[in-house]
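# Per-entry structural report
Chain residues, written in single-letter form:
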Amino acid sequence: MRKLFICIACLMAGFAIQAHSQTKEETIKEIRKLYAEAKEKIAQNGKGGKSPKDMNITLNRLEDEDVPLYDMESIDYYFDEISPDDGHPTKHPYFIVENWTNHGHLRYREVLLNPQSQQVVFCYMRGETDAGFVVESRYYFDAEGQCVEEKHNTSNSWSSADNEKRYAERCLRLFSMINYNGYFTPLDLDSPKKRTTPKGDRMKHIRSIYAQAKEKVAANAKREMPDELLITTHDMGDNMPPRTSESKLYFDNDGLYFISRHVSSMQYDGYDELLFEPKTDDLIFSYSRGEEEGEVYEWRYYYDENGKCIETKSNSEETDEGFYDKRAAKDLQAIFRVLTSNEND
């Protein structure tokens, strides 16, 4: 009887191994099908009279002025856009592409997501040094997020399944932050109060910082590789006119100092500016202009050392003392910190 149980156990183990092998093959087959479908969707993105649905993040920064060494990263997202009855469309990425270069070193990544579950199912990484050494790695993931297969062109791989999945999750976190319907960072209302300067002196200081920031932006544009972070999104549902949103974040060794944003469509044109105190990242001035159906409205808000609006200039009766500008500034600062960190490089 004991021998019979042993034989049955061996047979069950054999069936389990065979089933696992079949599941793995089926998983990889399904991933390859999803990959082909995603590539076809990308090829048709913005064609056939439909609005394009994509987003690009480009980060350029000078790492060493003496050499000089430039760090350039570009991340492209392709997404589906769902417009529910509540009027707040949601975006679900299905494919992500990264291109990175630094001093002759190149890296190219692809991340494929299941369009239904939004889970990472495939990651591809290709790296190349300035000496011509090339590595390639492919990772296939099942519905539980476990890597079921990995393929490398060399035993000296630069990546791992866990590392590539962490990078993919970082990209998804960034996408969610940028496309969040509302504001995700709270205002720090309980921080210790700072000593404030008289309003006249404060206004003079803000205008001086604004002029300096504009000069820095102009000088930065003339450099071979400007220090800036660009976020460009093309979206809107198929029954709405295409919309383009572009945010430009300017920074130096002291941090983020100026942001400009432009949103345009056939129905609306808007422009915003956010100005920060050097070295402290405190928002000190915000400007907004909106044009819709021939009407143009402008808002200017000036803030004291504690973030309180001390002056509002607007041709509109609707003002909020810069509350939503302060929320937007906090969100963009958080996005900037994630992008400029060295996490999962």
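In this report, we go over the structure that sits alongside the text. (Residues numbered from 1 in each chain as written. Predicted model: local features only at pLDDT ≥ 70, side-chain atom pairs only at ≥ 80, totals over all residues. Heavy atoms only, no water.)

## Focus: a nonpolar patch on the surface
On the surface, Tyr183, Phe323 and Tyr324 cluster together into a nonpolar patch covering about 280 Å² of accessible area. Turning to its location among the elements, Tyr324 is positioned in helix 4 (residues 323-340). According to the relative accessible area criterion, Tyr324 is partly exposed, its value standing at 45%. (Patch = residues over 30% accessible without salt bridge, like charges linked within 9 Å, V, L, I, M, F, W, Y side chains within 5 Å. Areas by Shrake-Rupley, 256 points an atom, 1.4 Å probe, with all protein chains shown as cover. Salt bridge = Lys/Arg side-chain N within 4 Å of Asp/Glu carboxyl O. Helix = DSSP H or I, 4+ residues; strand = E, 2+ residues; numbered from the N terminus. Buried < 20%, exposed > 50% of the residue type's maximum accessible area, 1.4 Å probe, protein only.)

## Topic: the nonpolar core
One broad trend across soluble globular proteins is that nonpolar side chains are buried collectively. Core analysis: the biggest nonpolar cluster contains 41 residues, and Ile57, Tyr77, Ile96, Val120 and Leu229 have the highest contact counts within it. Excluding its chain neighbours within four sequence positions, the residues that come into contact with Ile57 are Glu73, Ser74, Ile75, Tyr77, Ile178, Leu229, Leu230, Ile231 and Leu339. Of all hydrophobic cores here, the second largest spans 14 residues; its members include Leu34, Tyr94, Phe95 and Val148. (Core = buried A, V, L, I, M, F, W, Y, C linked by side-chain atoms within 4.5 Å. Contact = heavy atoms within 4.5 Å.)

## Looking at the side chain of Arg202
Positionally, Arg202 belongs in helix 3 (residues 199-221). On the accessibility criterion, Arg202 (6% relative accessible area) is buried.

## Considering the packing of aromatic side chains
Per the counting criterion, the structure on display carries 17 aromatic pairs. Ring centres of Tyr210 and Phe285 lie 5.6 Å apart, and the angle between their planes is 80 degrees; on these two criteria the pair is classed as edge-to-face. Here Tyr210, found in helix 3, pairs with Phe285, found in strand 12 (residues 283-292); they are 75 residues apart in sequence, far enough to count as distant. Seen in terms of ring centroids, Phe285 and Tyr302 are 4.9 Å apart; in terms of plane orientation they differ by 50 degrees. Their pairing is tilted. Of the two residues, Phe285 sits in strand 12 while Tyr302 sits in strand 13 (residues 295-303), which places them 17 residues apart along the sequence. For the pair Phe285 and Tyr302, one class covers both residues: buried. Positioned above the aromatic ring of Trp100, the side-chain terminus of Arg107 is 4.6 Å from the ring centre. (Phe/Tyr/Trp six-rings, centres within 6.5 Å; stacked < 30°, edge-to-face > 60°. Lys NZ or Arg CZ within 6 Å of the ring centre and 35° of its normal.)

## A word on the packing of helix 2 (residues 161-178) against helix 4
Packing of helix 2 against helix 4 brings their axes to within 10 Å, and their N-to-C directions diverge by 165 degrees. One element, helix 2, and the other, helix 4, form an angle in the roughly antiparallel class. Of the two possible hands of crossing, helix 2 and helix 4 adopt the one that is left-handed. Of the residues in helix 4, those in contact with Arg170, Arg173, Leu174, Met177 and Ile178 of helix 2 are Ala334, Ile335, Val338 and Leu339. Grouping the constituent residues of the contact of helix 2 with helix 4 by class yields seven nonpolar, no polar and two charged. (Axes fitted to C-alpha atoms, helices over the stretch in contact; angles between N-to-C directions. Parallel < 35°, antiparallel > 145°, perpendicular 65-115°, else oblique. Left-handed = near helix turned anticlockwise from the far one by under 90°. Nonpolar A, V, L, I, M, F, W, Y, C, P; charged D, E, K, R; others polar.)

## Side note on the pairing of strand 14 (residues 309-314)
The pairing of strand 13 with strand 14 spans five bridges and is antiparallel. If you follow Tyr301 over to strand 14, its bridge partner there is Thr312. Count of turn residues in the strand 13/strand 14 antiparallel hairpin: five residues, of which Gly307 carries a positive phi of about 80 degrees. (Pairing = 2+ DSSP bridges.)

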